[in-house]
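Reading the structure
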Amino acid sequence: MKFLSSLLAVGLILGLSSAQAAEKKKGMVDSMSGQGYGMAGCGAGSIVFGDKEGKVQIFASTTNGTAYNQSFGITSGTSNCGSQGKSAKVDQFVETNKVALQNDIARGQGETLASFSQLLECKNSGFQQNLRSAYTSSFPQGGASAGQIQAVAYKVCEI
């Protein structure tokens, strides 16, 4: 019982400092909205506590860490870890890798662009070069938003 009380106390102390960090990560939470989980991520904690904000995420995280159910959920696609659709994954990938993706699109090749093609499940063998042509004609000055990049990529992928 003492161990559990000590663990809870440490969790609460860490939770207070993580509350400050949570403000900095607000953008990340916003990008995960609609996923069915909050800062603690997917796992049993997301099923029990949902996407409620605040200190409840400490308990969700602790629940996720119990018996490594979050790792299992990520690997198996269960425990609210597989609910993210293809569109949400593409959105997150483009937003996270936007600069590297634009650089690869400009060259017509690269690891980020190859990963993007796999994520889109694009069967178009000339996807990388076709995307380069379509992107430069659509955005000659560069600087496209993540949504604009996706729109061009989906169009090229269908060709």
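Residues numbered from 1 in each chain as written. Predicted model: local features only at pLDDT ≥ 70, side-chain atom pairs only at ≥ 80, totals over all residues. Heavy atoms only, no water.

Topic: helix 10 (residues 146-158)
- Relative to the 18 Å expected for 13 residues at 1.5 Å per residue, helix 10 spans 19 Å between its end C-alpha atoms, a close match to the ideal helical length.
- Listed in full, the buried residues belonging to helix 10 are Ala-146, Ile-149, Gln-150, Val-152, Ala-153, Val-156 and Cys-157. Seen from one end, helix 10 has its buried residues packed into an arc of 165°, which puts them on one side. Exposed side chains of helix 10 directed beyond 90 degrees from the buried face belong to Lys-155 and Glu-158. (Helix = DSSP H or I, 4+ residues; strand = E, 2+ residues; numbered from the N terminus. Expected span 1.5 Å × (residues − 1). Buried < 20%, exposed > 50% of the residue type's maximum accessible area, 1.4 Å probe, protein only. Arc of directions from axis to C-beta.)

Some details on the confidence of the model for the chain
- For the chain, mean pLDDT is 75; residues scoring 70 or higher make up 70% of the total.
- The secondary structure element of the chain with the lowest average pLDDT is helix 2 (residues 26-32), at 42, and the one with the highest is helix 7 (residues 98-107), at 91.
- Here residues 16-34 is a poorly scored stretch, pLDDT under 50, and it has eight contacts once near neighbours within four places are set aside; other chains count. (pLDDT = per-residue confidence, 0-100. Contact = heavy atoms within 4.5 Å.)

Structural notes on the state of the cysteines
- For the structure shown, the criterion picks out one disulfide.
- With a sulfur-sulfur separation of 2.4 Å, Cys-122 is cross-linked through a disulfide to Cys-157. The disulfide joining Cys-122 to Cys-157 has a torsion of about 135° about its S-S bond and is therefore right-handed. With Cys-122 in the loop between helix 8 (111-120) and helix 9 (127-138) and Cys-157 in helix 10, this pair connects stretches of sequence that are 35 residues apart. (Disulfide = S-S within 2.5 Å.)

With respect to the side chain of Gln-150
- Tracing the backbone through its elements, the reader meets Gln-150 in helix 10.
- Look at Gln-150 and you get buried, because its relative accessible area is 10%.
- At 3.2 Å, the side chain of Gln-150 and the side chain of Asp-91 are in polar contact.
- Leave out the neighbours within four places in its chain, and Gln-150 touches Val-90, Asp-91 and Val-94. (Polar contact = N/O pair within 3.5 Å; in protein donor to acceptor, adjacent residues only side chain to side chain.)

Some remarks on the packing of aromatic side chains
- Inspection of every chain in the model, using the stated rule, returns three aromatic pairs.
- Ring centres 6.4 Å apart and planes at 55° place the aromatic pair Phe-116 and Phe-127 in the tilted group. With Phe-116 in helix 8 and Phe-127 in helix 9, the pair connects residues that are 11 residues apart, well separated along the chain.
- Classification of Phe-127 as buried rests on a relative accessible area of 1%.
- Put simply, the rings of Phe-93, Phe-116 and Phe-127 pair up and form one aromatic cluster. (Phe/Tyr/Trp six-rings, centres within 6.5 Å; stacked < 30°, edge-to-face > 60°.)

A closer look at the side chain of Asp-104
- Within the secondary structure, Asp-104 is located in helix 7.
- Within polar-contact distance, the side chain of Asp-104 engages the side chain of Arg-107 at 2.5 Å.
- A polar contact is formed between the side chain of Asp-104 and the backbone nitrogen of Thr-112, at a distance of 2.9 Å.
- Excluding anything up to four places from it in sequence, Asp-104 contacts Gln-109, Gly-110, Glu-111, Thr-112 and Leu-113.

Remarks on the pattern of salt bridges
- Enumeration over the complete set of coordinates arrives at one salt bridge.
- The salt bridge partner of Asp-104 is Arg-107, with a shortest N-O separation of 2.5 Å. Taken as a pair, Asp-104 and Arg-107 lie in helix 7 at a separation of three residues, close to a single helical turn.
- The class of Asp-104 is buried, set by a relative accessible area of 5%.
- Classification of Arg-107 as partly exposed rests on a relative accessible area of 49%. (Salt bridge = Lys/Arg side-chain N within 4 Å of Asp/Glu carboxyl O.)

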